[in-house]
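Each chain is listed here by its residues.
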Amino acid sequence: MESLTINSKYNSGLSRFFSSSILNDLARKGHSAFFNEMLSVSGLHEIIDENITMSDFLQIVYNHLFKNYRSEYIYKNAIANKILLGKHSLNTAFMLTEFRVADCKADTVVLNGTSNVYEIKSEFDSMYRLKRQIDAYSQVFDFIHIITSPSQTVKVASCTPKSVGIMRLTNRNAISTVREAESGRRFVKPDIIFDSLRKTEYTSIIKEQYGYIPDLPNTQMHKACSELFAKLSPETAHDCMVKVLKARGKCTLLKDFITDIPECLRAYSINAGLSIKETSYFREMLNTKCIFFMK
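A few points on the structure. For clarity, every value in this text was computed on a predicted model and none was experimentally measured.

Notes on the overall build of the protein chain
Logical step 1: Each helix and strand in the protein chain was counted, giving 14 helices and six strands.
Logical step 2: In terms of overall dimensions, the protein chain is globule-like: its C-alpha atoms have a radius of gyration of 21 Å, near the 19 Å expected for 295 residues.
Logical step 3: Along the first, second and third principal axes, the C-alpha atoms of the protein chain reach 65 × 45 × 30 Å.
Logical step 4: For the protein chain, buried positions account for 52% of its 295 residues.

This is the structure:
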């Protein structure tokens, strides 16, 4: 079973196999109602080789989706493999997905010496929200990139400023640059950056920059820290943000999990938030024969 022949109407459902909710259910509970339903309605349960492992099965589904239905996850996974792990090192870089920025959520953010945000516009996406997203990202990130399909490249270029980079995911699973992004670090807004950080992150920045943390009740702490943070220069606020966000990926357990996981699951592994015991369960699940989960 090296490839799939399946009705295209099930592709959207198959893409959900790579969602955290489904994968976590398989690892933690040993089953997923949605997983079993999709296997049944799509007819996949009838053609699964009894010796195939879950790892091999998910890779086959992923390959099928790459050729026939490039969902958002396919793009995120390409960024994880081709940019985070292909160009950088987990010792010096980290990747976040669904990162809150103002009233938007950034699809993928890669932090190395600076910040790079990647907004995904697949062949299924419209450009309706793109201007609002770019406006939001320009207040927080140094470099803004739109990663899209070859068929959407011209459309993306026509509705984005020249300072925004454009990349495309090719049919050969490579990411090519169409237009280089320009630095916007000096234009970021410290108050917007502040709202994207966790309390432990912004308080550590305040302590580093001012030498103290306001000794106030929790009800007043947020406002006081916000006012201090807003006084930082754009460059300082940005660089401090990069430092604290990169710290989220410094866990050795997480690094080992990311590098050990099959390539098709890299984007999932980066932000799965699994405990030591759960990563062990997950590895065990991947090495288990797929038919075991067909209940």
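What about the pattern of salt bridges?
Logical step 1: In this structure the tally under the stated criterion is twelve salt bridges.
Logical step 2: With its nearest N and O atoms 3.0 Å apart, the salt bridge here joins D135 to K131. Within this pair, D135 and its partner K131 are both found in helix 6 (residues 130-137), separated by four residues, close to a single helical turn.
Logical step 3: Looking at D135, the relative accessible area reads 37%, which means it is partly exposed.
Logical step 4: Residues participating in the shared-partner salt-bridge network are E72, K76 and E98.

Observations concerning the packing of helix 9 (residues 199-210) against helix 10 (residues 218-230)
Logical step 1: One way to put it is that helix 9 packs onto helix 10 with a least axis distance of 10 Å and a crossing angle of 55 degrees. It follows from the interaxial angle that helix 9 and helix 10 lie oblique. Like other packed secondary-structure pairs, helix 9 and helix 10 cross with a definite hand, here left-handed. The residues of helix 10 that touch helix 9, namely those facing K199, Y202, T203, I205, I206 and Y210, are N218, M221, H222, C225, L228 and F229.
Logical step 2: Tallied by class, the residues present in the contact of helix 9 with helix 10 amount to eight nonpolar, three polar and one charged.

Some remarks on unusual backbone geometry
Logical step 1: One non-glycine residue, A102, lies in the positive phi region at around 55 degrees.
Logical step 2: Following the sequence through the fold, A102 ends up in the loop between strand 1 (94-101) and strand 2 (104-111).
Logical step 3: Classification of A102 as partly exposed rests on a relative accessible area of 39%.
Logical step 4: Of note in this structure, N173 is not a glycine but carries a positive phi near 60 degrees.
Logical step 5: Residue placement: N173 occurs in the loop between strand 5 (165-169) and strand 6 (175-179).

Remarks on the pairing of strand 6
Logical step 1: Taken together, the four bridges between strand 5 and strand 6 define a ladder with antiparallel strand orientation. Bridged to I166 within strand 6 is R179.
Logical step 2: A loop of five residues connects strand 5 with strand 6, the two strands running antiparallel in sequence, and N173 in this loop sits at a positive phi of about 60 degrees.

Some points on the nonpolar core
Logical step 1: If you look at the biggest cluster of nonpolar residues, it comprises 99 residues, and the most contacted ones within it are F17, F18, F35, F57, F141, L265 and F282.
Logical step 2: Non-local contacts of L265, meaning those with residues more than four positions away in its chain, are made with F18, L23, L58, Y73, N77, F282 and L286.

A word on the sheet that holds strand 5
Logical step 1: If you trace the six strands from one edge of the open sheet to the other, you get 1-2-3-4-5-6, paired in mixed fashion. Sheet topology places strand 1 and strand 6 at the edges, where each strand pairs with a single neighbour. Looking at each pair of strands side by side, their axes are set apart by 30 degrees on average, direction ignored.
Logical step 2: Here helix 11 (residues 234-246) sits on the sheet and contacts strand 1, strand 2 and strand 3 (115-121); the angle it forms with strand 1, its principal contact strand, is near 120 degrees.

Cut-off values and rules
Residues numbered from 1 in each chain as written. Predicted model: local features only at pLDDT ≥ 70, side-chain atom pairs only at ≥ 80, totals over all residues. Heavy atoms only, no water. Helix = DSSP H or I, 4+ residues; strand = E, 2+ residues; numbered from the N terminus. Rg over C-alpha atoms; globule rule 2.2 N^0.38 Å. Buried < 20%, exposed > 50% of the residue type's maximum accessible area, 1.4 Å probe, protein only. Salt bridge = Lys/Arg side-chain N within 4 Å of Asp/Glu carboxyl O. Axes fitted to C-alpha atoms, helices over the stretch in contact; angles between N-to-C directions. Parallel < 35°, antiparallel > 145°, perpendicular 65-115°, else oblique. Left-handed = near helix turned anticlockwise from the far one by under 90°. Contact = heavy atoms within 4.5 Å. Nonpolar A, V, L, I, M, F, W, Y, C, P; charged D, E, K, R; others polar. Pairing = 2+ DSSP bridges. Core = buried A, V, L, I, M, F, W, Y, C linked by side-chain atoms within 4.5 Å.

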